[in-house]
Amino acid sequence: MNGPILIVGGGQGIGAAIAADAGPAAAVWTRSRGVDAGDRAALTAAFARLRAERGVPWALVHTIGDFVETPLLQTGVEQYEALVHSNLTTLFHTLAVVVPALVEQRRGRVVLFAAAGTDRQRAMQRAPWYFALKAAVVQVARSLAGEVAAAGVTVNVISPGLIEHPHSHRDSQARLRPRVPIGRLGTVADIVALVRWLASDASAYVTGENFTVDGGLQL
Ligand SMILES: NC(=O)c1ccc[n+]([C@@H]2O[C@H](COP(=O)([O-])OP(=O)(O)OC[C@H]3O[C@@H](n4cnc5c(N)ncnc54)[C@H](OP(=O)(O)O)[C@@H]3O)[C@@H](O)[C@H]2O)c1
């Protein structure tokens, strides 16, 4: 690791596993740890503290992204706004606060999270607003990758399939598990291995990509 790895949303699930893998290099921001990524002022203050205490991070990983399985026309205003806030607004603020410092130091890695299937040209009837917002995450990543590539900063997306952890969505995972060609649910270790590579020097020539990790579910 070339410096701190900042995991925004790393309190549980995939983010917590990434933080555990990074060990002392990890810095974790969550609401329960006092940093709300939907609050620009709170993020700015947290980033100033991090910079002062540990320097500019080498890598930024954003793992926030609530999931709701509701048909499109049954999605209520509050549910819609919460989904947008969780999946996009927290990302908007995080990128704006953190990425300029990576560009300034002319090196860095950004890893974002979408979901398997978002990149396909097809209906996503299980959770239409969630998948639409995750498609926006992939598009944002590509645009950002182009914007910061010359500064030595790469931006990539991981799109998990059914990843089992204590807070994951058990009902939909149990329902879809028989359709996974590899024959099992994913584990956080399946994701961590890819993050480790994306946050390493070895991935320096890879940017603007979306990596699906779903055991073949989208095949
Ligand atoms: N698990 C899967 O099977 C799966 C499948 C496809 C895609 N994904 C995507 O992969 C990513 C990680 O998923 P996950 O299941 O590991 O997530 P998760 O279990 O829902 O964990 C989300 C984390 O984000 C933090 N968080 C939420 N809102 C926040 C805010 N406003 N500010 C700061 N922290 C906030 C939460 O802590 P606090 O509540 O303390 O803030 C928590 O630590 C998500 O983007 C998800 O959509 C997951």
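Quantities reported herein were computed from a predicted structural model and do not represent experimental measurements.

Turning to the overall build of the protein chain, a few remarks are in order. When you go through the protein chain residue by residue, the secondary structure sums to six helices and eight strands. Along the protein chain, helices and strands appear, N-terminal first, in the series β-α-β-α-β-α-β-α-β-β-α-β-α-β. In terms of C-alpha radius of gyration, the protein chain reaches 17 Å, essentially the compact-globule figure of 17 Å for 219 residues. C-alpha atoms of the protein chain, sized along the principal axes, occupy 45 × 40 × 30 Å. Of all intrachain contacts in the protein chain linking residues separated by at least 6 positions in sequence, the fraction that spans at least 24 positions is 70%.

What follows concerns the confidence of the model for the protein chain. Predicted confidence across the protein chain gives a mean pLDDT of 97, with 100% of residues reaching 70 or more. Averaged over each element, pLDDT in the protein chain is lowest for helix α5 (residues 170-176) (91) and highest for strand β4 (residues 108-113) (99).

On to the packing of helix α1 (residues 13-22) against helix α6 (residues 188-198), then. For the pair α1 and α6, the least separation of the axes is 9 Å and the interaxial angle reads 55°. In terms of their interaxial angle, α1 and α6 are classed as oblique. The element α1 and its partner α6 pack so that their crossing is right-handed. Mapping the contact onto sequence places Ile14, Ala17, Ile18 and Asp21 in α1 and Val188, Ile191, Val192, Val195 and Arg196 in α6. Residues of the contact of α1 with α6, tallied by class, amount to seven nonpolar, no polar and two charged.

In this section: the sheet that holds strand β8 (residues 210-213). Spatially, β2-β1-β3-β4-β5-β8 is the arrangement adopted by the six strands of the open sheet, whose pairing is parallel. With partners counted over all chains shown, the strands left at the sheet margins are β2 (26-29) and β8, one partner each. Along the sheet, successive strands turn relative to each other by an average axial angle of 20°, direction set aside. By the bridge criterion, six bridges tie β4 to strand β5 (residues 153-160) in an arrangement that is parallel. Considered in β5, the bridge of Arg109 is made with Thr154. Sheet strands in contact with α6 are β3 (59-62), β4, β5 and β8, and its direction is about 170° off that of β5.

With that settled, consider the nonpolar core. Ile7, Val111 and Leu112 are the most contacted members of the largest nonpolar core, which has 54 residues in total. Contact partners of Leu112, with chain neighbours within four places excluded, come to His62, Leu91, Val137, Ala141 and Val157.

Non-glycine residue Arg106 carries a positive phi angle of around 60°. As for its placement among the helices and strands, Arg106 is situated in the loop between α3 (77-104) and β4.

Before going further, it helps to spend a moment on α1. Where burial is concerned, most of α1 is hidden: seven out of the ten residues are buried. If you check which residues of α1 are buried, you get Ile14, Gly15, Ala16, Ala17, Ile18, Ala19 and Ala22. Buried-residue contacts for α1 involve β1 (5-8), β2, β3, β5, β6 (163-164) and α6. Count one or two residues on from α1 and you reach Gly23, which has phi positive near 60°.

Reading the values: rules and limits
Per chain, residue numbering runs from 1 following the sequence as it is written. Residues qualify for local features only when their pLDDT is at least 70, as the model is predicted, and side-chain atom pairs are given and counted only at 80 or more; totals for whole chains, interfaces and linings, by contrast, use all residues. Runs of H or I in DSSP of at least four residues are treated as helices and runs of E of at least two as strands, each being numbered from the N terminus. Every radius of gyration here is taken over C-alpha atoms, with the globule rule written as 2.2 Å times N^0.38, N being the number of residues. By the convention adopted here, residues make contact when the C-beta atoms placed from their backbones lie within 7 Å. pLDDT measures how confident the predictor is about each residue, on a scale from 0 to 100. Note on geometry: axes are lines fitted to C-alpha atoms, helical ones only across the stretch in contact, with angles between N-to-C directions running from 0 to 180 degrees. Any angle that is under 35 degrees is reported as roughly parallel, and any over 145 degrees as roughly antiparallel; angles of 65 to 115 degrees are reported as roughly perpendicular and all others as oblique. We call a crossing left-handed when the near helix sits turned anticlockwise from the far one by less than a right angle, and right-handed when that turn is clockwise. Basically, the charged four are Asp, Glu, Lys and Arg, the nonpolar ten are Ala, Val, Leu, Ile, Met, Phe, Trp, Tyr, Cys and Pro, and anything else, Gly included, counts as polar. For two strands to count as paired, DSSP must find a minimum of two bridges between them. Throughout this description, the term nonpolar core refers to a group of buried Ala, Val, Leu, Ile, Met, Phe, Trp, Tyr and Cys residues whose C-beta atoms join them within 7 Å. Exposure in this text rests on C-beta crowding, where 20 or more other C-beta atoms within 10 Å of a residue's own make it buried, 12 or fewer make it exposed, and counts in between make it partly exposed. The C-beta atoms are placed from the backbone.

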